[in-house]
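Chain and residue survey
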Amino acid sequence: MGRGGLLLLLLLPLLRAAPREAGGSCRPQPSCEECISSHPQCAWCEEPDFSGGAQMEASRCAPRAALERAGCPPGAIVDPRGSLRVLRDTERGDGGGQLQPHSVEMELRAGEELSFAVRFRRARAVPVDLYFLLDLSYSMRDDLRLLQRLGTELLHALHNASSAARIGFGSFVDKPLLPFSAVTPRRSPCPAAEPCAPPVAFRHLLPLTNDSAEFRRRVRSQRVSANMDAPEGGFDAIVQVAVCQERIGWRPVRRLLLFASDDTFHTAGDGRLGGIARPCDGRCHLDVHGEYSSSHLYDYPSVGHLAQVLSAADILPIFAVTAPVVPLYRELSRLIPGAVVGELREDSSNVVQLITDAYESLTSTVELRHSALPPGLSISIQPHCGGPPGPPQPHSARCTGVGVNQEVTFTVRVRAEKCLGPLQRVGLRVVGVPEELSLLLRVPCACPCAQRRGGAALCRGGDLECGVCRCPNGRRGHRCECEGPEEEGGGGCRPQNSTAPPCSGRGRCVCGACRCPPGLSGRYCQCEEGACERHEGLPCGGEQRGECVCGRCRCRPGFGGRGCGCPLARDGCVRGGTECSGNGQCECGRCRCRDGFVGALCERCLHCAGRCVRLRDCADCAAFGRGPLRGNCSHACNGTALRVLPPPAPPGAALCRERTSDGRVLVFLVESGGGDEDEEGGDVSITVWAEEASLRQSPLLVAVVAAAVAVGLLLMAAWGRVSVELHDRREFRRFERERLRATWDQDNPLFRSATTTTVNPNYLGADNEDSAAGTLQ
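A few points on the structure. This one's a predicted model, so the numbers in the text were calculated from it and none came from an experiment.

Parameters and conventions
Residues numbered from 1 in each chain as written. Predicted model: local features only at pLDDT ≥ 70, side-chain atom pairs only at ≥ 80, totals over all residues. Heavy atoms only, no water. Pairing = 2+ DSSP bridges. Helix = DSSP H or I, 4+ residues; strand = E, 2+ residues; numbered from the N terminus. Contact = heavy atoms within 4.5 Å. Axes fitted to C-alpha atoms, helices over the stretch in contact; angles between N-to-C directions. Disulfide = S-S within 2.5 Å. Phe/Tyr/Trp six-rings, centres within 6.5 Å; stacked < 30°, edge-to-face > 60°. Buried < 20%, exposed > 50% of the residue type's maximum accessible area, 1.4 Å probe, protein only. Lys NZ or Arg CZ within 6 Å of the ring centre and 35° of its normal. Arc of directions from axis to C-beta.

This part covers the sheet that holds strand β4 (residues 77–78). Across the sheet, which stays open at both edges, the three strands sit in the order β3-β2-β4 with antiparallel pairing between neighbours. Both edges of this open sheet fall to β3 (61–63) and β4, since each of them pairs with a single strand only. Here strand β2 (residues 42–45) runs beside β3; their pairing, made up of three bridges, is antiparallel. By the bridge assignment, cysteine 42 is partnered in β3 with proline 63.

Below, the discussion takes up the side chain of serine 438. Looking at the element boundaries, serine 438 is found in strand β20 (residues 437–442). Aside from chain neighbours lying at most four places away, what touches serine 438 is His102, Ser103, Val104, Arg425 and Val426.

Looking now at the sheet that holds β20. Pairing within the open sheet is mixed, and its six strands lie in the order β5-β7-β20-β19-β15-β17. The open sheet has two free edges, formed respectively by β5 (83–88) and β17 (396–399), since each of these has just one partner strand. The sheet shows a mean angle of 20° between the axes of neighbouring strands, direction not considered. Taken together, the five bridges between strand β7 (residues 103–107) and β20 define a ladder with parallel strand orientation. When the sheet's bridge partners are listed, glutamate 105 is paired in β20 with leucine 440.

Looking now at the state of the cysteines. Tallying each qualifying case throughout the model produces 16 disulfides. Through a disulfide, cysteine 566 is tied to cysteine 588; the S-S separation comes to 1.8 Å. The sign of the S-S torsion, about -110°, decides the handedness of the disulfide formed by cysteine 566 and cysteine 588: left-handed. Of this pair, cysteine 566 sits in strand β35 (residues 566–567) while cysteine 588 sits in the loop between β38 (584–587) and β39 (590–593), placing them 22 residues apart in sequence.

Okay, the environment of glutamine 29 next. In this structure, glutamine 29 sits in the loop between β1 (14–15) and α2 (32–38). Along the chain, glutamine 29 and alanine 62 lie 33 residues apart, while their C-alpha atoms are 8.8 Å from each other.

This paragraph deals with the packing of aromatic side chains. Taken as a whole and assessed by the stated rule, the structure comprises ten aromatic pairs. Ring plane angle 85° and centroid distance 6.0 Å describe the contact between phenylalanine 169 and phenylalanine 215, whose orientation is recorded as edge-to-face. With phenylalanine 169 in strand β10 (residues 165–172) and phenylalanine 215 in helix α6 (residues 212–220), this pair connects stretches of sequence that are 46 residues apart. Phenylalanine 215 carries the same exposure label as phenylalanine 169, and that label is buried. Ring centres of phenylalanine 265 and tyrosine 329 lie 5.4 Å apart, and the angle between their planes is 75°; on these two criteria the pair is classed as edge-to-face. Within this pair, whereas phenylalanine 265 is found in the loop between β12 (254–261) and α9 (303–313), its partner tyrosine 329 is found in helix α10 (residues 326–333), the two being separated by 64 residues in sequence. If you follow arginine 278 out to its NZ or CZ, it ends over the ring of tyrosine 298, 5.4 Å from the centre.

Here we take up α10. Since one α-helical turn is 3.6 residues long, residues separated by three or four positions face the same way. Within α10 the residues assigned to the buried category are Val326, Tyr329, Leu332 and Ser333. Viewed along the axis of α10, the buried residues span an arc of 115°, placing them on a single side of the element. Where α10 is buried, its residues touch α7 (234–243), β12, α9, β13 (315–321) and β14 (340–343).

Written out as structure tokens, the structure reads:
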């Protein structure tokens, strides 16, 4: 397949027209421009004779199928559709051309959606620029010593991952003013033998280069500095690295920024602590020495400003930070496109491996984003990463784990809600890749009508625009055939001696005649075409039953009713010459039964006795000479043929089993000679099986069953009494055994006697009394 065929397969647009709103419809509009802008399914008929004086110009706006049915020639229908065209493309290679196509021109209609495919193939090795931004605060002194020895390894790792790598170097501390940095030597934490370098917000030390020796020399010549608070001024340094592209030496290749620190960061608003109220302006302020000379004038940038500057410069940041601040920088990376975070050891010994891993993570993640969109335009991107396609995303879509030479596809859907005016440009690019797809977009609202002529004879000096006459001042009418203001034509647009508004206030009076909008008709637009009653969802039951004339149904022969839903024929109500079996009347071709009768022909009686009950006495008197008709059987059962057969009765037959007044059961079969089986009269044949006619032993059977039940109940009561007695005796014996085994040698510790003993201190006792008596003697 040639190159043209490959491009055709690559860029085959998936054109899909979507309605502006679910269930939306095309409504009449007065002009072609308003018509095609109102709904993506609306079309306009530019045929001058289409309306023909019977309809308003607004009826020209309708779906294409409706216009063709109304008689508009297909060549006169204005129905612009979206289109897509590739303007520029390149061949892929290991060194570039990863994104295809490069330039696309699209024209779509308001409310319409078009989609096309964008493909990206990861190259084997691409050039890369890495700028190393190092925190030189005093807490990073050990890291600086190690980095001074790892300069060669850093550049060697980049050359292994890229075809042409360059590295640059810069440092930062914080704003050189209180309360951020120490401005006097007394406050410096550095020893006197190794004094600290003066603090600086950012110092650009080495432009991007592939000279590893120069990189080592610049790194070894650095000294740590000091600031007074924990957060660093790294955001100031990142902004200067991104906006000072000529001083840094950025190439149009993949750009990486390695940010190494061990603490948090200052952000917008913190500068007020030092008396700085002017926000960051996002411009380059490096002096001849490479230092950020305006850090004392501008506040720190915000996170959003930082993300915007990095995205505009197409720089992917790698945050190499120590473990305590890794969670904070992970949250920061969520707000910056393409950012990754790696944990830096306390002595920075893993910085080379960290760069290698971060580079692999960045290059294996393909994220397609679009630039800022004008109002009224929306773009969604759906990734196809090799498996099932992901959901469409409104701003960007990504594929992770993309290998070298692996191709991924993105479906880009573009939708415009309104006219956008002049040509619009939207950029689509993969984050971190310098290539960009340029989407040139037009959303026109002007109709490409072929017939746009001024001074047309058809319009009597007026302008013909898309089939509609635009009359000059002083003329009016469908073809500008009337003179004078429009109010003068109201005389013929309302009934005589009426003060109602012309055309009932719902149409236009043109040259003494009413021009009614769609849905209205009549001489004065007084009739609503949709006001007629409906039958089965159709006005007047449809064209076969009737037609709607000025809000009322005019039924065709054979139909009646307000909605022409009532057939006037009676064929469906008559059987055997009788209408509705004599139990109802025919209405709209169906029987309407009297109370107590049902069925299509009212042939069944709900409360009448059935044939088995009616013929029970005839079967009893004719077969056995018994029952209430035994004395008048021949007269009462005239026309009934009877036969008695020996048992058994045939299975499956529709047998009648009826109990007589003396308790017997008759089993018989009724067969009708003609007509409906439930109707009275007519020849009837009864077959009776005699052996099932009597149940004389039924009282004895009832007595036996009752006796058996009584005996069973007595036995159950006796067994219950015996079981209770046995259980009580067993429990009593167990209680006696436990009582005999009980011992009562120990006192109950809970027992307290109810007797209280009180000793009288004056009472001497008997011995004391005798002694007292001897003393008296």
